[in-house]
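Summary of structural features
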Amino acid sequence: MTDWTDPETFAAALDRADTREKGRYFEDFDEGAVIEHAPGLRLTRHGSETWMSQTLNHDPAYWRSDAALDRGFDAPPVHPDYLLACVMGPSVEDLSEKGGYFLGRDGVEFHRHGVPLGTELRVESTVETTRPSSSRPGYGVVTWETRGIDAASGEPLVSYERTNMVPRREPAATDGGRSGSTGDDESGPSLLPETLVAPDGGAFEDFRRALDEAADRDAAVAYRHERGRTTDEFTVAALPLATLNTARQHHNAAAMADSPSGEPVAYGDVTRSTALGHARSDERTYRELGYDGERFHDFVTAGDTVFGFTRVLDADGSAGPSRAGEVTFEHVAFTDDERPVYSGVRRALVDREGA
Ligand SMILES: CC(C)(COP(=O)(O)OP(=O)(O)OC[C@H]1O[C@@H](n2cnc3c(N)ncnc32)[C@H](O)[C@@H]1OP(=O)(O)O)[C@@H](O)C(=O)NCCC(=O)NCCSC(=O)C[C@](C)(O)C(=O)O
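Going by the annotation in an unreviewed UniProt entry, the name recorded for the chain is 2-methylfumaryl-CoA hydratase, with Halosimplex aquaticum given as the source organism.

1. Regarding the domain arrangement of the chain
Interface size is commonly expressed as the accessible area that is lost once the parts come together. We note that the domain assignment places domain 1 (21-173) and domain 2 (190-231 + 266-355) within the chain. The centre of domain 1, based on its C-alpha atoms, is set 22 Å off from the matching centre of domain 2. Tallying the contact residues gives 26 residues for domain 1 and 28 residues for domain 2. Of the roughly 2400 Å² buried between domain 1 and domain 2 on both sides combined, carbon and sulfur atoms contribute 43%. Counting across the domain 1 and domain 2 interface gives 7 salt bridges. The closest approach of N and O atoms between Asp269 and Arg105, which form a salt bridge, is 2.7 Å. Our enumeration of links across domain 1 and domain 2 arrives at 20 residue pairs in polar contact (both at pLDDT 80 or more). Contributing elements (two or more residues each) for the side of domain 1 that touches domain 2: α2 (45-54), α4 (80-95) and β2 (102-110). Ranked by residue count, the leading element in the side of domain 1 that touches domain 2 is β2, at 9 residues.

2. A look at the pattern of salt bridges
Applying the stated criterion across every chain yields a total of 34 salt bridges. Note that Arg272 and Asp81 form a salt bridge whose closest N and O atoms lie 3.4 Å from each other. Linking Arg272 in helix α9 (residues 268-280) with Asp81 in helix α4, this pair joins segments that are 191 residues apart in sequence. In this structure Arg272 comes out as buried when scored by relative accessible area, which is 1%. Assessed through its relative accessible area of 2%, Asp81 is described here as buried.

3. Regarding the environment of Asp15
Looking at the secondary structure, you find Asp15 in helix α1 (residues 7-16). By relative accessible area, which is 71% here, Asp15 ends up exposed. For the pair formed by Asp15 and Leu83, sequence separation is 68 residues and the distance between their alpha carbons is 42 Å.

4. Points about the sheet that holds strand β3 (residues 120-132)
Strand order across the open sheet formed by 11 strands is β1-β3-β4-β5-β2-β8-β11-β10-β9-β7-β6, with mixed pairing between neighbours. Sheet topology places β1 (34-42) and β6 (195-197) at the edges, where each strand pairs with a single neighbour. Neighbour to neighbour, the strand axes of the sheet diverge by 30° on average, direction disregarded. Across 6 bridges, the pairing between strand β7 (residues 219-230) and strand β9 (residues 305-316) is antiparallel. Bridging from a neighbouring strand, Gly228 pairs with Phe307 of β9.

5. Let's talk about the packing of α4 against α9
Where α4 contacts α9, the two axes come as close as 11 Å, and the packing angle between them is 170°. One way to sum up the angle between α4 and α9 is to call them roughly antiparallel. Across the interface between the two elements, Asp81, Leu84, Ala85 and Met88 from α4 touch Asp269, Arg272, Ser273, Leu276 and Arg280 from α9. When its residues are assigned to classes, the contact of α4 with α9 shows 4 nonpolar, 1 polar and 4 charged.

Reading the values: rules and limits
Residues numbered from 1 in each chain as written. Predicted model: local features only at pLDDT ≥ 70, side-chain atom pairs only at ≥ 80, totals over all residues. Heavy atoms only, no water. Domains from an automatic or database assignment. Contact = heavy atoms within 4.5 Å. Buried area = accessible area lost by both parts, 1.4 Å probe. Salt bridge = Lys/Arg side-chain N within 4 Å of Asp/Glu carboxyl O. Polar contact = N/O pair within 3.5 Å; in protein donor to acceptor, adjacent residues only side chain to side chain. Helix = DSSP H or I, 4+ residues; strand = E, 2+ residues; numbered from the N terminus. Buried < 20%, exposed > 50% of the residue type's maximum accessible area, 1.4 Å probe, protein only. Pairing = 2+ DSSP bridges. Axes fitted to C-alpha atoms, helices over the stretch in contact; angles between N-to-C directions. Parallel < 35°, antiparallel > 145°, perpendicular 65-115°, else oblique. Nonpolar A, V, L, I, M, F, W, Y, C, P; charged D, E, K, R; others polar.

As C-alpha cells, then:
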C-alpha cells in the first residue's frame, strides 16, 4: 500500500497535485461588477480593545462609559480604525488575497459616528477601474469602492475607495519592488519652510494659533510625536487575521520568502493606525470625520519601529458643534531609519479649550 506521507512519495504527490486557489487575478475584475463579501464580520469589544491597545490608540471614550457619554456617545462604540479594518478585512479574500500591495485609499467617510459594539457588518465592493501596470508586467492596478453596512438595518456605516496591485493570471516575475526612495527628490530639505512650528497643546485653539503664527512667513505647522511602536509578529499577523484579512503578505512567510521584503509585511491599516494613535495622543480628538489621499510608500516588517509626523493644514472654527472645531492634518508614518511608509490627510473635530 502506498504510504502517502513517505517524504519522497509526498513530494511527488505535491508535484502532481493541482492547487485549489483562493482569491482573484487581475483578469477576474470587470469594471462595474458588485461583489458581496460573504463573511461580513461582527464588531466585538475584544477586537476593538485589542486593536486600540496594540496600536496605542488609548482613547477611553471607546472603552469607558463616562468618557463615552462626555463625548456624546450613549455607550462606548467601536474604535473607528477597528471599524475601518473590519470593513477591509472581509473584502480581502475576494479582492486582494492573491497578493499585491495595498497602494492607497481615498474618500474614507464615516456615515455614522459611534457604531455600537456587537454590530454585524455586511461588506460589498464595486470594481471601479482596472488597468495593467506599466512598470510591472506581472500586475494590474485595480480600484474598488467598498461599503461597510449595518447588516440588521441596511444603514451605511463607512465607505472608501481602495487601490491595490493585483497579480495577473500569468505567473508574476516579482511581487512589486521596494520603492527605493532616498528622500533626495524635488521635495527635499531645500524646499522645506525655514521654520516648523509645533502647537503648544492639543486643543482646537492650539492648532489655530500655531497656523496663525506660521502664516505670512516661511513657516509650517509640523512636528514629530515621541512614541514609537516596534512592529512584531502580533501586529504583523494577528491584527489583520482578527479582522479576516487573509492577505498572504501578513501571515504566510513561505509565500513571502521570494518577495522584495523576504518576509511578511505589516498590514497597511495597522501601520497607519499606529501613526494616527501617536498623533491622537497629542490632541484632544472629539470625532474622526474622514481620510483622503492615503498612500503606502514602502513596506514595514517585524522589527521596524513606526513613528508619527504631523503637518497641520487647516483649523476651521466654523465647522462642528460648539465644543469643537475641524482640523485637517497630514500624517506621515515613518520607520526608525526615517523611511516614510504611509501618508494621508485626516479630518477630525478637536475639542476647544475648556470643553
Ligand atoms: C508598491 C510599491 C512597491 C510601489 O513602489 P514604486 O515606487 O516602485 O511604484 P510606483 O511607481 O509609485 O507605483 C507603481 C504603480 O502603481 C501605481 N500606483 C501607486 N499608487 C497608486 C494609487 N494610490 N492609485 C493608483 N495607482 C497607484 C502607479 O501609478 C504605478 O503604476 P504603473 O505600474 O502603471 O506605472 C511601493 O510603493 C511599496 O512598497 N509600498 C508599500 C506597500 C505596502 O506595504 N502596503 C501595505 C501592506 S500590503 C497590505 O496591507 C495588503 C492588504 C491591505 O492586506 C490587502 O490589500 O489585502
